[in-house]
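What follows is each chain in one-letter form.
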Amino acid sequence: MSPDNCCGGAAHQTAFSGWIQAIKMLGFGNFEAWISATDGNRMAPYAIELTGINKSFGPVHANKNINLAVHKGTIHGIIGENGAGKSTLMSILYGFYQADSGQIEVDGKPVTINTPNDAIAMGIGMVHQHFMLVENFTVLENVMLGAEGAQLISGSITKARQELKHLEEEYALQVDTDAIIEELPVGLQQRVEILKALYRGAEILILDEPTGVLTPAEADHLFRILEQLKEQGKTIVLITHKLREIMAVTDNVSVMRQGEMVATRKTSETSVEELAELMVGRRVLLRVEKGEAKPGDVKLSVENLTVKDSRGVVMVDNVSFDVRAGEIVGIAGVAGNGQSQMIEAIAGIRRAETGRVLLDGEPIGVTGEADPFMLRKRGMAHVPEDRHHMGLVLQFEENENSILGYHGDDEYVNGPMLDIDGIRSDAREKIEKYDIRPPNCRLKTANFSGGNQQKIVLAREMEQDPTVLIVGQPTRGVDVGAIEFIHKRIIEMRDAGKAVLLVSVELDEIRSLADRILVMFAGRVVGERGPDATEGELGLLMAGVEGEPTKEAAE
Amino acid sequence: MGIFETLILILDSTVRLAIPLMFAALAGLYSERSGIFDIGLEGKMLAAAFAGAAAAAVYGSAWIGLFFAIVVSTFLALVHGFASITHRGNQIVSGVAINFIAAGTTIILGQAWFRQGGRTPALSAEGSRFTAIELPFAEAVRDVPVLGLVYSELISGHSILVYLAFAAVPFTWWVLFRTRFGLRLRAVGENPGAVDTAGISVTWLRYRAVMCTGILCGFAGAYLAVAQNAGFVKDMTAGKGFIALAALIFAKWKPVPVMFACLLFGFLDAVAIRFAGIDIGLFEVPPQFMQSLPYILTVVLLAGFIGKAIPPKAGGQPYVKER
């Protein structure tokens, strides 16, 4: 590309306020023609072009010589496992970090982005994975924050209100501007994040794992919004680890693995299998292979369970179900609909208000004396949802975590002392069997990756040979390779005749593992379906819409 | 003296006693709203009182005293900022350290400079103290029933700092809820990430907040040593910084309720002074009990009579950019 081309692009790109943008749109065709006349090699200008980006955090080389080109007016997906460097790369683009080396071009013009302000001025907007919203502010205040204009905010409020109304109409992003953020559902909160970016004149929108917190229906709605933004000429970069989303919505896709950009494909010319292989670096089985379930006796029985949270709000409302030996019962639902409180109550961590839970036919005193230590002894193993806060002590060595909760068992003690050698050799066996990497039982647990940490918890609970296994979010924050392994182990537990209760917000996971699916909404079980239930059907139940789904409602 | 006159006198001393609390609580409000807990209000106030009294004594001017009070208090506020914003230290530890430094330094410097056992010289010269301002017609309307006394005793006859303290309440409200700075200040105390990603410097915003705290603590200290009293006495803040903190929590970090909370604490103090040893027929209530009343009330109120006080969500946590 020639230098004078860059300068020409610069003149065009200084435009960011609304009316200048309108002029630009009018002149857009000419601009295109002019570009191709001056530079015959290029089809259209890239919205973003990254060349040779490197970034290290201490010894960790998070981005290695990354090249990426995003066409204007397209949706470009970036996939990769956790820790592949996707978020780091986007943080560099948004000015959160500075690259150690490499070049960034926005609309063909080389730029330096030192702060988020620079990025905003260049028309780059970001929707963060964890929303950057002030929860007790109104929608309007959140949108205004940092873009207020004058020192006094009364004028800005009026201006922002008008501008928001305009944006809402243009992009069908309806939201009550005076609502308090914490009272809005997450789907709407995300919409506020998008509005924030658009309000600042974003032409390029980066979305970091946007669907993690959404129901399938909300995710579909988000994709429709993205399509609409694309039609209006915006460029969208979508970061995700969910292959299905990439296939559904993107035009092009780039794959990252271990800090490197390993491939870029046209979405229409690739497949889920190819992308998964590129991500992991080897062939992955995406479908879990499993045989027929052979359910036996009822091992876990929950009867009219009601649980309140610490604020006294009823989170689990009169829930009853059974789990039989040799079957996996999946609890689906959007996070925060009582699943967490329910499994905590069953596992004896949280006291229930009313109801009974029977383990192997014997009540466990779920409203009173239930105690996780006794429950473990009686054969109930629990893999908590949040491994960092409940499953592991991150500061401990791996071998210490691998006996946590069973540390009083005969095999680990020597009179009043811990049998250190026994514990370590036991830990080494588990490391071997569960392929925990790095295979070092003396390493601090915090230094293992998410997937390996999860395997430490699973190994600890599964190797106790429980009759009932409760698993919460087994693959949250776990990469594709480890997911495959974990799923296989859960199926093996079932085939070994264990009763498995699986709670997950990942609908795909529930559908591929569970033999029966219960959907929770607002603390109640609103439906039971077989493993062949469609995603639309389950999605409706998860959103609290009961009854038989119709075709249009399933959208 | 009738009940009405007594009441007016108690309310009058309520106002006087509430002023340092109001300055200090509003000072804490700026800092805590920005997410920096400040347990060092007490120390800043004490250091400001000393600096104000010393400067007023040396230069013979109350205004120069106020100026030095503000400078010293702001300096200590910046030290707190440096520890807790720039170096992400523990805000409680830093605040406690400032309290200790102020308690020790004021006595040592006072003895070294003035040799009066840690006191500063009494401010007797003309203009070296903030004196009472007689509002217009205060004497003329004194004999008008009820309102005359209210105007001449309660409203008129305070020093300029008293009026400034009351003006600072609506001003703080206006800053917090009507200006860009206020919007950002409230935001940074709730979610600094939102502020950072919006392209605003969290560090600079929080530094400005602690500077506001320093300035207002300077006023509080100057009021104690240069207006209410005529000079500095060691430990003269006597826990007022902590009471102010209690009032701030009691008022749920809102400016106007802060004023009422401080007036309530001031009122209790005034009652305790007025009725130090009151005979209630059966026995004499010991003066110590009356004096401890404000503190007992603080404990009772904070123990849960105020409903849930939700502090700014990011309070006490240093801001670290996440990956």
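First, a word on scope: everything that follows refers to the structure included in this document.

## Things to note about the overall build of chain B
Link 1 in the chain: When helices and strands are tallied, chain B shows twelve helices and zero strands.
Link 2 in the chain: Going residue by residue from the N terminus, the α and β elements of chain B occur as α-α-α-α-α-α-α-α-α-α-α-α.
Link 3 in the chain: A globule of 323 residues ought to have a C-alpha radius of gyration of about 20 Å, and chain B, at 20 Å, matches this closely.
Link 4 in the chain: Seen through its C-alpha atoms, chain B measures out along the principal axes to roughly 70 × 50 × 45 Å.
Link 5 in the chain: Counting all 323 residues of chain B, 45% fall into the buried class.
Link 6 in the chain: Partitioning the intrachain contacts of chain B with sequence separation of at least 6 by distance along the chain shows that 76% fall at a separation of at least 24.

## Topic: the overall build of chain A
Link 1 in the chain: A tally of helices and strands in chain A yields 20 helices and 22 strands.
Link 2 in the chain: The proportion of buried residues among the 555 residues of chain A is 45%.

## What about the pairing of strand β8 (residues 235–240) of chain A?
Residue and element names in this part refer to chain A.
Link 1 in the chain: For β8, the buried fraction is high: six of the six residues fall into the buried class.
Link 2 in the chain: Residue alternation in β8 divides its side chains into two sets, T235, V237 and I239 and I236, L238 and T240, and both sets are buried.
Link 3 in the chain: Bridge count for strand β3 (residues 75–80) against β8 is five bridges, and the pairing is parallel. Within β8, the residue paired with I75 across the bridge is I236.
Link 4 in the chain: Alignment of strand β7 (residues 204–208) against β8, held across five bridges, turns out to be parallel. Of the residues in β8, the one forming a bridge with L207 is L238.

## Quick notes on the nonpolar core
Link 1 in the chain: Core analysis: the biggest nonpolar cluster contains 234 residues, and L502 of chain A together with A247 of chain B have the highest contact counts within it.
Link 2 in the chain: Dropping the residues within four chain positions of it, A247 of chain B is found in contact with L21, A25, V258, A261, C262 and F265 of chain B.

## What to know about the interface of chain B and chain A
Interfaces are often sized by the amount of accessible area the parts lose when they come together.
Link 1 in the chain: At the interface, 18 residues of chain B touch 23 residues of chain A.
Link 2 in the chain: Taken together, the residues of the side of chain B that touches chain A sort by class into six nonpolar, five polar and seven charged.

## Some thoughts on the sheet that holds strand β2 (residues 60–71) of chain A
Two pairing modes exist for strands in a sheet, parallel and antiparallel, and in both the strands are linked by backbone hydrogen bonds.
All names here are of chain A.
Link 1 in the chain: Reading across the sheet, the four strands line up as β2-β1-β4-β5 and stay open at both edges, with antiparallel pairing between neighbours. Of all the strands in the sheet, the pair left with one neighbour each is β2 and β5 (109–111). Within this sheet the neighbouring strands show an average axis-to-axis angle of 25°, counted without direction.
Link 2 in the chain: The sheet contact formed by strand β4 (residues 101–106) and β5 spans three bridges and is antiparallel. The residue bridging E105 from the neighbouring strand is P110, located in β5.

What counts and how
Residues numbered from 1 in each chain as written. Chains lettered and ligands numbered in written order. Predicted model: local features only at pLDDT ≥ 70, side-chain atom pairs only at ≥ 80, totals over all residues. Helix = DSSP H or I, 4+ residues; strand = E, 2+ residues; numbered from the N terminus. Rg over C-alpha atoms; globule rule 2.2 N^0.38 Å. Buried ≥ 20, exposed ≤ 12 C-beta atoms within 10 Å, placed from the backbone. Contact = placed C-beta atoms within 7 Å. Pairing = 2+ DSSP bridges. Core = buried A, V, L, I, M, F, W, Y, C linked by C-beta atoms within 7 Å. Nonpolar A, V, L, I, M, F, W, Y, C, P; charged D, E, K, R; others polar. Axes fitted to C-alpha atoms, helices over the stretch in contact; angles between N-to-C directions.

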